[in-house]
Amino acid sequence: MTSPSVAGQAGQSLADRAYQAISERLVTLGIRPGEPVNDERIAAELGFGRTPVREALKRLETERLIVAYPRRGTFATEVQIADLGHISEVRQQLEPLAAALAAERATERDRAGLGELLTRLENESHATADGGADLIRLDMAVHRALYATTYNPYLQDTLIRYDNLATRIWCLFIDRLPGLAGHVREHGPLLRAVIDGDPQKAAALAAGHVEGFETAIRGII
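All of these numbers come straight from a predicted model, not from anything done at the bench.

**Brief notes about the overall build of the chain**
Then comes step 1: Secondary structure assignment for the chain yields 11 helices and 2 strands.
Then comes step 2: Its helices and strands in sequence order give the chain the pattern α-α-α-α-β-β-α-α-α-α-α-α-α, from N to C terminus.
Then comes step 3: Expected size for 221 residues packed as a compact globule is a radius of gyration near 17 Å; at 17 Å, the chain falls within 12% of this value.
Then comes step 4: Taking all 221 residues of the chain together, 46% fall into the buried category.
Then comes step 5: Of the contacts made within the chain by residues no fewer than 6 positions apart, 76% connect residues no fewer than 24 positions apart.
Then comes step 6: Put simply, the chain shows about 11,200 Å² of open surface, and 49% of that area lies on carbon and sulfur atoms.
Then comes step 7: The averaged location of the 30 negative side-chain charges in the chain is 5 Å from the averaged location of its 25 positive side-chain charges.

**With respect to the packing of aromatic side chains**
Then comes step 1: In the structure shown here, the tally under the stated rule is 2 aromatic pairs.
Then comes step 2: For the pair Y69 and F75, a centre-to-centre distance of 6.0 Å together with 55° between the ring planes defines the contact as tilted.
Then comes step 3: With a centroid separation of 6.5 Å and an interplanar angle of 85°, the aromatic rings of W170 and F213 are classed as edge-to-face. Taken together, the residues span a long stretch of sequence, with W170 in helix α8 (residues 153-172) and F213 in helix α11 (residues 199-218) at a distance of 43 residues. Just as W170 is buried, F213 falls in that class too.
Then comes step 4: Cation over ring: R72 sits above Y69, and NZ or CZ is 4.5 Å from the ring centre.
Then comes step 5: Taking the ring centre of F213 as reference, the NZ or CZ of R91 above it sits at 5.7 Å.

**Focus on the pattern of salt bridges**
Then comes step 1: By the definition in use, this model includes 14 salt bridges.
Then comes step 2: In this structure, the salt-bridge partner of R137 is D134, at a minimum N-O distance of 3.1 Å. Within this pair, R137 and its partner D134 are both found in helix α7 (residues 133-148), separated by 3 residues, close to a single helical turn.
Then comes step 3: Classification of D134 by relative accessible area gives partly exposed; the value is 42%.
Then comes step 4: The closest approach of N and O atoms between R218 and E214, which form a salt bridge, is 3.0 Å. Pair noted here: R218 and E214 are both in helix α11, with a separation of 4 residues, about one helical turn.
Then comes step 5: Among the residues examined, E214 registers a relative accessible area of 15% and is labelled buried.
Then comes step 6: Residues participating in the shared-partner salt-bridge network are R91, E95, R144 and D163.

Conventions we followed
Residues numbered from 1 in each chain as written. Predicted model: local features only at pLDDT ≥ 70, side-chain atom pairs only at ≥ 80, totals over all residues. Heavy atoms only, no water. Helix = DSSP H or I, 4+ residues; strand = E, 2+ residues; numbered from the N terminus. Rg over C-alpha atoms; globule rule 2.2 N^0.38 Å. Buried < 20%, exposed > 50% of the residue type's maximum accessible area, 1.4 Å probe, protein only. Contact = heavy atoms within 4.5 Å. Areas by Shrake-Rupley, 256 points an atom, 1.4 Å probe, with all protein chains shown as cover. Lys, Arg positive; Asp, Glu negative; His and termini not counted. Charge placed at Lys NZ, Arg CZ, Asp CG, Glu CD. Phe/Tyr/Trp six-rings, centres within 6.5 Å; stacked < 30°, edge-to-face > 60°. Lys NZ or Arg CZ within 6 Å of the ring centre and 35° of its normal. Salt bridge = Lys/Arg side-chain N within 4 Å of Asp/Glu carboxyl O.

The structure is reproduced here in structure tokens:
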């Protein structure tokens, strides 16, 4: 098997790169809910042509991160807290599955890459600079690496979509949520279980992580 991270970088199109850049802005609320999304301005800011940006925006609309209205324009979707339960229902089923598959299917190269992420967690999860944005990006990187290690592109795409929506809710309430670093550090034992090839433990830890996220959000709304 080819390492998913290497394969992904090698095969990225301009539209893929535009999608990743815009998606991160939307998820981390660099583009706020309800804010207009102008393809020409974003293309200029990112240094891409309008065509890859428009392709990326079409994809983001299917993922419920933006919405286009005829004659009004395109906007970042509002964050609906009522969606938390629906998102969690999906993640509670699929996150443990992904963790177990990653533990079963990880190659030596994957395990090395996950080990590097584990080291980053240990070194960076005590920092809270940039309002926690670096920790959120690290959290997203861990999730993406685990999803890629399932070697199931359909499961990977589905989980990225729902993790984006969940992270967006997290970012909306980040100032009111205690223990951001602790939440991110929870990935340490999960990564270790995957590296050690223990699917049952990995699945249990992933399930607990999703449940803890929903409990934390519901505790402040």
